[in-house]
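Survey of secondary and tertiary structure
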Amino acid sequence: MTISEATIDAMISGLDLPKNIMKTLKSDVMKVGVTKKELEDIIEQVMKSYDYACVEPCEAVGVVSAQSIGEPGTQMTMRTFHYAGVAEINVTLGLPRLIEIVDARKTPSTPMMTIALEEEYAHDRDKARRLAWEIEATHIEHLADITTDLANMQLIIDLHEKTLNYRVLTPDEIADKLREELDVMVNISDSVANQIIVTPNAPSYRELLQLAKNIHSITLKGIEGIKRVVIRKDGEEYTLYTEGSQLKNVLQIEGVDVTRTSTNNIGEIYDVFGIEAARNSIITEATNTLSEQGLTVDIRHIMLVSDIMCCDGEVKQIGRHGISGEKASVFARAAFEVTVNHLLDAGMRGDRDELNGVTENIIVGQPIKLGTGDVHLITK
Amino acid sequence: MRKFSLLDHQLIPKHEIMLEDELKSVLKQYAIEKEQLPKIKVVDPVIQEIGAQVGDVVKITRISQTADEAFYYRLVIA
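Cut-offs applied
Residues numbered from 1 in each chain as written. Chains lettered and ligands numbered in written order. Predicted model: local features only at pLDDT ≥ 70, side-chain atom pairs only at ≥ 80, totals over all residues. Heavy atoms only, no water. Helix = DSSP H or I, 4+ residues; strand = E, 2+ residues; numbered from the N terminus. Rg over C-alpha atoms; globule rule 2.2 N^0.38 Å. Buried < 20%, exposed > 50% of the residue type's maximum accessible area, 1.4 Å probe, protein only. Areas by Shrake-Rupley, 256 points an atom, 1.4 Å probe, with all protein chains shown as cover. Lys, Arg positive; Asp, Glu negative; His and termini not counted. Charge placed at Lys NZ, Arg CZ, Asp CG, Glu CD. Domains from an automatic or database assignment. 1 Å grid on protein atoms, 1.4 Å probe; cavity = no way out; pocket = protein on both sides within 12 Å on 5 of 7 lines; lining within 4 Å. Points joined across faces, edges and corners; volume = space filled by probe spheres on them. Nonpolar A, V, L, I, M, F, W, Y, C, P; charged D, E, K, R; others polar. Contact = heavy atoms within 4.5 Å. Buried area = accessible area lost by both parts, 1.4 Å probe. Salt bridge = Lys/Arg side-chain N within 4 Å of Asp/Glu carboxyl O. Polar contact = N/O pair within 3.5 Å; in protein donor to acceptor, adjacent residues only side chain to side chain. Pairing = 2+ DSSP bridges. Axes fitted to C-alpha atoms, helices over the stretch in contact; angles between N-to-C directions.

1. Observations regarding the overall build of chain A
Scanning chain A for helices and strands turns up 18 helices and 10 strands. The C-alpha atoms of chain A give 30 Å as radius of gyration, which overshoots the globular expectation for 380 residues (21 Å, by more than 25%). If one aligns the C-alpha atoms of chain A with their principal axes, the spans along those axes are about 105 × 70 × 35 Å. The 380 residues of chain A split such that 41% are buried. A total accessible area of about 21,500 Å² is found for chain A, and carbon and sulfur atoms account for 53% of it. Of the side chains in chain A, 38 bear a positive and 59 a negative charge, and the two mean positions are spaced by 3 Å.

2. Regarding the domain arrangement of chain A
Examined at the domain level, chain A breaks down into domain 1 (5–53), domain 2 (138–221) and domain 3 (339–374). Taking the mean C-alpha position of each, domain 1 of chain A and domain 3 of chain A sit 46 Å from one another.

3. Details of the layout of surface pockets
Rolled over the atoms, a probe as big as a water molecule pinpoints where empty space is left. If you add up the space inside the second largest pocket, you get close to 300 Å³. What lines the second largest pocket is K248, L251, Q252, D271 and V272 of chain A together with M1, R2, K3, F4, L6, P45 and E49 of chain B. Sorting the residues of the lining of the second largest pocket by element identifies α12 (247–251) and α13 (266–273) of chain A together with α2 (45–50) of chain B as the ones contributing at least two each. The class makeup of the residues in the lining of the second largest pocket is 6 nonpolar, 1 polar and 5 charged.

4. Quick notes on empty space enclosed by the protein
Residues and elements named next belong to chain A. The tally for this structure, following the rule as stated, stands at 1 cavity of 30 Å³ or more. The wall of the largest cavity is formed by R97, E100, I101, A104, R105, T107, P108, N264, N265 and I266. Per-element accounting of the lining of the largest cavity gives the leading share, 3 residues, to helix α5 (residues 94–102). Here the residues of the lining of the largest cavity are counted per class, giving 4 nonpolar, 3 polar and 3 charged.

5. A look at the interface of chain A and chain B
Quoted interface sizes are often the accessible area lost when the parts come together. Taken together, the contact between chain A and chain B spans 37 residues of the former and 29 residues of the latter. Roughly 2,700 Å² of surface becomes buried between chain A and chain B when both sides are summed, with 51% attributable to carbon and sulfur atoms. It is Q252, F273 and E276 of chain A that lose the most area in chain A upon contact with chain B, and together they represent 22% of the buried surface on that side. The interface formed by chain A and chain B contains 6 salt bridges. Measuring nitrogen to oxygen at the nearest pair gives 2.8 Å for the salt bridge that ties K23 of chain A to D68 of chain B. Joining chain A to chain B, the criterion identifies 14 residue pairs in polar contact (both at pLDDT 80 or more). Within the residue set of the side of chain A that touches chain B, elements represented by two or more residues are α2 (19–32), α13, α14 (275–292) and α15 (299–310) of chain A. Residue composition of the side of chain A that touches chain B, grouped by class: 15 nonpolar, 10 polar and 12 charged.

6. Points about the sheet that holds strand β9 (residues 237–243) of chain A
Residue and element names in this part refer to chain A. Strand order in this open sheet of 4 strands is β8-β9-β3-β10, and the pairing throughout is antiparallel. Edge positions in the sheet fall to β8 (228–234) and β10 (262–263), since each of these pairs with one other strand and no more. Here strand β3 (residues 112–116) runs beside β9; their pairing, made up of 5 bridges, is antiparallel. The residue of β9 that forms the bridge with M113 is T242.

7. A short note on the sheet that holds strand β5 (residues 154–159) of chain A
All names here are of chain A. Read across the sheet, 4 strands follow the order β4-β5-β7-β6 without closing on themselves; strand pairing throughout is antiparallel. At either end of the open sheet lies a strand with only one pairing partner, and these are β4 (144–149) and β6 (185–188). Taken pair by pair, the neighbouring strands of this sheet meet at an average axis angle of 20 degrees, ignoring direction. Sheet topology note: the β4/β5 ladder contains 6 bridges and is antiparallel. If you follow D149 over to β5, its bridge partner there is Q154. Relative to the sheet, helix α10 (residues 171–182) contacts β5, β6 and β7 (195–199), its axis offset from that of β6 by approximately 170 degrees.

Structure representation (structure tokens):
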């Protein structure tokens, strides 16, 4: 006689198993239809297999992780600057990118954003394009020819009408922006269409040349730091990809889907979305970097690395200034990098090493507290 | 300023402040003190949003690729 769903639920729910195993177990049992005795046997077998699959106590998971990521790492291309993924946008890949991730660099060498759009914008190419111009930083050289008129001591800006229309800007807007940013006389020419004349405050060559230089650094429209925006159709909807990353500012723009917009700059994710998002981001970035090179590393190794990097509430690098540098033991730190400095500092401070860890016990030649070495027998 | 909830973002798992008795049972299960839990800063944007204080423990429901759903606990520190 097969048992009902409620009985199956009652029998399964108390088990110490991950949720997905419970789900599979339940759906399979429901599909086949089993008796109570059979289900009991199945549960026993599942628990046995699960127990067998678990990591044993005292196993050195960190070392296994390090080897499992390190070995495929040797087969990665040393230096690759691909135009992979998105057309035209250059992203660092391969070993340099992996190093960047575990080093927890403040800014990656090629920051890039993936901007998802809200329903209304995602299916309309024109709206997506307009949004792209809102985001991409527009500088004066994109829009105009600038001539330095030494005779009259002024800068003459000839705007291209076509580009202005394309980027939805008017000469008035540009003149206002320049006036505000440069704090000088900015006039729109009466005689020539689309011409702006900028006059420095004092009629000196130095002022004029300085002005000619400064005018290029002004962001007329868009977000500073976003060098380029590429629109691409992913499946049904349009998505924006940017060169340069300004997560906080981009999220403020109307039409950007705040729930799916992301960046490859982990430091920025930590600042805007917090530590848990940073952890998730490290995992996805590292997995993508490895799989892009055709390497498969079990995700649990990467999860362990990511967890240890984020366990203190901030993203710490694996290395001298992070995890390895904060170890309690002097020997363990000295064994990693800059040996002499650590030993010298410890000597001057009079530090003690309690010999609790693995590295220091290997150095002094004692059994390490791992595997069978971590178990003590007591006779009764 | 555009207002939105951080917790809606696909990268951010669910964070919730833990109640005293639930925390006790978790600490008992792992046989540890509160201070041995992983930490989260009080200035973390998500902590600011849920309004947790220093000394609280937050329960994080992670969507895990290996276990479907996994619980993680972090102690809020200054």
